[in-house]
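Structural characterization, general
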Amino acid sequence: MPYLKVDDTSSYYEDAYTGGDGTAVGSLLFLHGWGTSGQVWNAQVPAFAGDHRVVTVDWRGCGRSDRPLEGNTLDTVVTDLVGLIGALGLERPVVVGSSMGGMFATELGLRHPALVGGVVSVGGPAYWAAQAVPIDDLLEDLRRDRTATVVGWVPEWFAPGADPALSEETVRQVLDAAVSIDELIAGLADYDPRPFLPGLGVPVHYLHGELDSQIPPEVARTCAALTPGAGVTVIPGAGHMPHQESPRAFNAALRDALAGMRGATRTAAVA
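Reference entry: report on the structure contained in this document. Just so you know, the residues in each chain are numbered from 1, in the order the chain's sequence is written. Thresholds applied to this predicted model are a pLDDT of at least 70 for local features of residues and 80 or more for the giving and counting of side-chain atom pairs; totals over whole chains, interfaces and linings are not thresholded and use all residues. As a rule here, side-chain values come from all non-hydrogen atoms in the structure, and water together with hydrogens is ignored.

As a further point, take the nonpolar core. Soluble, globular proteins show a tendency: their nonpolar side chains are buried together. Think of a nonpolar core as a cluster: buried Ala, Val, Leu, Ile, Met, Phe, Trp, Tyr and Cys residues, connected wherever their side-chain atoms sit within 4.5 Å. Partly exposed describes any residue whose relative accessible area lies between the buried limit of under 20% and the exposed limit of over 50%, with all areas from a 1.4 Å probe on protein chains only and scaled to the type maximum. Core analysis: the biggest nonpolar cluster contains 58 residues, and L29, L31, W34, L84, M100, F104 and W157 have the highest contact counts within it. Put simply, DSSP H or I for four residues or longer makes a helix, DSSP E for two residues or longer makes a strand, and each gets a number counted from the N terminus. Here this core gets 6 residues from one element, more than from any other, and that element is helix 2 (residues 74–87).

Put into structure tokens, the structure is as follows:
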């Protein structure tokens, strides 16, 4: 199985392209959310690997990657991802990040625009967690009774009527990750990218579930209004995990977003 070590931490990744002798349109790097794994993109990999090089990664603390008890922060995850992009020779991938993965994708675009061809934030928290989530209370609940807290919280990530198996598998993954991921929640308390979004120098699109109970769609619209040339697509009937709940609609929206990014890139090159 493929692993990459950065700063003494091994991260599991998968790298797919099924286009045969054809030339890939570009590269996609998919980043999962808090406590889950690259498996959340199982409906996207086969849909895009025919014409894109598609890489998924379990970032540190999650899935099949190492789980250091300390140092699992925004900075270290971004450093890991920069190392992954370089080691795999990914040429300016579009980074698609779900929830906290959207924060990582945004930070890659802000800090390393030369490495990134675009950013797609899927239900990204942006400033919302710092503004509206009782971070200290959540961390205390996780310390006091982790299982009950996760079992009670995770089903809310999905819209009413979503397949219960989705939340059941997500609960399993989050509990399996254990405390190695909690430092990232603590870091959300003062995270707010809004002052920096006007200077984001790569194409950006915000995809958001209409019924997202964790991060309101208005957060995506607010961030898009601050980000030059950014677009917003709201997935009807989906919650916080639209790529899992409504994969057909999500994949179509992602393809449209990618086409728009390529068009914006060509226009910028001509200008």
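Here we take up unusual backbone geometry. The phi dihedral of D8 falls on the positive side, at around 65°, and the residue is not glycine. Turning to its location among the elements, D8 is positioned in the loop between strand 1 (3–6) and strand 2 (9–16). The exposure class assigned to D8 is exposed, which follows from its relative accessible area of 68%.

Here we take up the sheet that holds strand 6 (residues 118–122). Any two strands are treated as partners once DSSP identifies two or more bridges connecting them. Here we have 8 strands laid out as an open sheet, ordered 1-2-4-3-5-6-7-8, and mixed in their pairing. Of all strands in the sheet, those with a lone pairing partner are strand 1 and strand 8 (231–235), marking the two edges. Each adjacent strand pair in this sheet contributes to an overall mean axis angle of 20°, direction not counted. Two elements, strand 6 and strand 7 (residues 204–209), share 4 bridges in a ladder whose sense is parallel. Directly across from V119, in strand 7, lies its bridge partner V204. Set on the sheet, helix 3 (residues 100–111) makes contact with strand 3 (26–31), strand 5 (94–98) and strand 6; between it and strand 5 the angle comes to about 150°. Only heavy atoms matter for contacts: two residues are in contact if any of them lie within 4.5 Å across the pair. Axis definition: a line fitted to C-alpha atoms, limited for helices to the stretch in contact. Angles are taken between N-to-C directions and run from 0 to 180 degrees. Lying over the sheet, helix 9 (residues 217–226) contacts strand 7 and strand 8, oriented at roughly 170° with respect to strand 7.

The subject of this paragraph is the pattern of salt bridges. Throughout this description, the term salt bridge denotes a Lys or Arg side-chain nitrogen within 4 Å of a carboxyl oxygen of Asp or Glu. Tallying each qualifying case throughout the model produces 15 salt bridges. One salt bridge connects R144 with D141, and the closest N-O pair in it is separated by 2.6 Å. Of the two residues, R144 and D141 both sit in helix 5 (residues 135–144), 3 residues apart, roughly one turn of that helix. Residue class for R144 comes out exposed when judged on its relative accessible area of 57%. Linked through salt bridges whose partners overlap, the residues forming this network are E140, D141, R143 and R144.

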